[in-house]
Amino acid sequence: MDKRNKFWKRQQMARVFEARMILYAAYGHCIIREDGSYYEHPRWFELAKDRWAQVYKTTGTPCSCWMCRGFEYDRKEYKKETRRIIRESME
């Protein structure tokens, strides 16, 4: 029997959401809420309750930033891509 059913998908979505919120809380700054209050160092579960964070629950990659894409900055690949762009602009 295949274990990849609806429940498994929900668990994976929750796991990824929690990991993203933990990462955002670790690298983020203060959070300003709609009522004007703000937190200096929010915990991940406080961030998860906010309305703006709900997009991270259902969307695979809501934007193209490094946090949402899920991979780290790679200097070697960045330099290679920059060289390619410069070569193309020189031609």
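Keep in mind that what you see is a predicted model, and the values were worked out from it rather than measured.

Caption draft 1: Geometry of the pattern of salt bridges. Enumeration over the complete set of coordinates arrives at two salt bridges. When the shortest N-O distance is used, the salt bridge between Glu81 and Arg84 registers 2.3 Å. In this pair, Glu81 and Arg84 both sit in helix 5 (residues 75-90), three residues apart, roughly one turn of the helix. A salt bridge links Arg84 to Glu88, with the shortest nitrogen-to-oxygen separation between them at 2.7 Å. Of this pair, Arg84 and Glu88 both sit in helix 5, four residues apart, which is roughly one turn of that helix. Accessibility expressed as a relative area gives 49% for Glu88, which makes it partly exposed. Residues joined in a network through salt bridges with shared partners are Glu81, Arg84 and Glu88.

Caption draft 2: Inspection of the confidence of the model for the chain at higher detail. Averaged over every residue, the pLDDT of the chain is 78; the share at 70 or more is 81%. Across the chain, the secondary-structure element scoring lowest on mean pLDDT is helix 4 (residues 66-69), at 64, and the one scoring highest is helix 5, at 86.

Caption draft 3: Inspection of the nonpolar core at higher detail. One finds Phe17, Met21, Ile31, Leu47, Ala48, Ala53 and Tyr56 forming the largest nonpolar core, which totals seven residues. For this core, the elements supplying multiple residues, two or more each, are helix 1 (6-27) and helix 2 (44-49). Apart from the residues within four sequence positions on either side, Leu47 is in contact with Met21, Tyr24, Ala25, Ile31, Pro42, Trp52 and Ala53.

Definitions and limits used
- Residues numbered from 1 in each chain as written.
- Predicted model: local features only at pLDDT ≥ 70, side-chain atom pairs only at ≥ 80, totals over all residues.
- Heavy atoms only, no water.
- Salt bridge = Lys/Arg side-chain N within 4 Å of Asp/Glu carboxyl O.
- Helix = DSSP H or I, 4+ residues; strand = E, 2+ residues; numbered from the N terminus.
- Buried < 20%, exposed > 50% of the residue type's maximum accessible area, 1.4 Å probe, protein only.
- pLDDT = per-residue confidence, 0-100.
- Core = buried A, V, L, I, M, F, W, Y, C linked by side-chain atoms within 4.5 Å.
- Contact = heavy atoms within 4.5 Å.

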